[in-house]
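A structural walkthrough
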Amino acid sequence: MSQPTDPIPTASVRRRRFPSLRLLGLGAAVAVATTVGAVSVAPARPEASPPPPTELTVVELFTSQGCSSCPPANANLLRLSGRPDILALSFGVTYWDQLGWRDTFAQPAFTARQRDYQRGLGNGNVWTPQIVVDGREDVVGGRMSEIEREIARHRAFTGPTIRFQGRGVGLAGGEAPRQPADVWLVRYEPRPIEVPVARGENTGRTLPHANVVRELVKLGQWRGQTVGFATPVSGRPGMRTAILVQATSGGPILAAARQG
C-alpha cells in the first residue's frame, strides 16, 4: 500500500463570539372559561413542546472503488443513511488507486483522517472497508451485526450543543475537554450515487455510494467556551453540512450535528 503523506487541508476562517444559546421560554397560558348562550366553550390546551432531537451516532466508512471487499460495506452504509439517529459518512481513500482504478471520490485528506484513526484506535495499519463509530470503535464494514452492536453502545456526547446560525455555527455548553478539541466541517452528497467501475478489482460493477464526503475542513478548536465559527461557502451546490467536535489525533467524537 502507498503511504500518503498529504496533510489534511484546513481553511482560514473568521471566529466570532456568539451569545450564550438560550431556549425560548413559553409564557404561561391563563385559561378562561367563556359562555356563549347555554354552550360552555372549554379553554384551549397549550400545544406540547416537541421532543428534543435524537442525538446522532456518527458512522464513518473508509472505502475504495478499487477494493473488491468494499461493495457490501457501501450497501450497509446506504441502509444506515436513512436512519434519523445516525450521521453516516463515506470517505474514499487513495491507497487502492494503484490497482488500476482511481477512486472518483477519494482525497488524500480522507486517507489522512483514517491514518489518524489508525493511531487513535491503536491499529497496526489502515484497511478497507473500515467503519468507525463515534471515533471510539471500529469494525469491518461488511459485518452489519457488528456495526449495529457498536451503534447500540453509543455513549452520550459530553461536548457542546451545536447550532447552525446563518453562515456560521455556534458552540455552547458541554464539558470542557482536557485538551482542545478539533471542530470539523463536513459536506457530503445527500443522495446516493452509482459509479460504474471500468478497471481494477471491481471491473464491470456499478457501485452505489451513500453520503459521499466531498469537503472536510478544520474550522478551529473548542476549549469549552461559547464560541462561533464562520463556515466557508461550499465549492459544490446541493451539499449537506455536518459539524463534528472531536478529540485530536483520531480521538472520540464529543458532539455532532447536521444542518437541515
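Residues numbered from 1 in each chain as written. Predicted model: local features only at pLDDT ≥ 70, side-chain atom pairs only at ≥ 80, totals over all residues. Heavy atoms only, no water.

Topic: the sheet that holds strand β7 (residues 137–140)
Pairing is mixed across the open sheet formed by 4 strands, whose spatial order is β5-β4-β6-β7. Only two strands of the sheet have a single neighbouring strand rather than two, namely β5 (86–92) and β7. Across the sheet, the mean angle separating the axes of adjacent strands is 20° when strand polarity is ignored. Pairing geometry for strand β6 (residues 130–133) and β7, over 4 bridges, is antiparallel. Residue V133 lies in a different strand from β7, and its bridge partner there is E137. Along the sheet, helix α1 (residues 71–80) makes contact with β4 (57–63) and β5, crossing β4 at roughly 155°. Packing of helix α2 (residues 108–121) onto the sheet brings it into contact with β4, β5, β6 and β7, and relative to β4 it is tilted by some 115°. (Pairing = 2+ DSSP bridges. Helix = DSSP H or I, 4+ residues; strand = E, 2+ residues; numbered from the N terminus. Axes fitted to C-alpha atoms, helices over the stretch in contact; angles between N-to-C directions. Contact = heavy atoms within 4.5 Å.)

A closer look at the layout of surface pockets
Reported here for the second largest pocket is a volume of approximately 210 Å³. Together, 13 residues line the second largest pocket, and R187, T231, P232, T241 and Q259 are the ones closest to its centre. Counted by class, the lining of the second largest pocket contains 4 nonpolar, 6 polar and 3 charged residues. (1 Å grid on protein atoms, 1.4 Å probe; cavity = no way out; pocket = protein on both sides within 12 Å on 5 of 7 lines; lining within 4 Å. Points joined across faces, edges and corners; volume = space filled by probe spheres on them. Nonpolar A, V, L, I, M, F, W, Y, C, P; charged D, E, K, R; others polar.)

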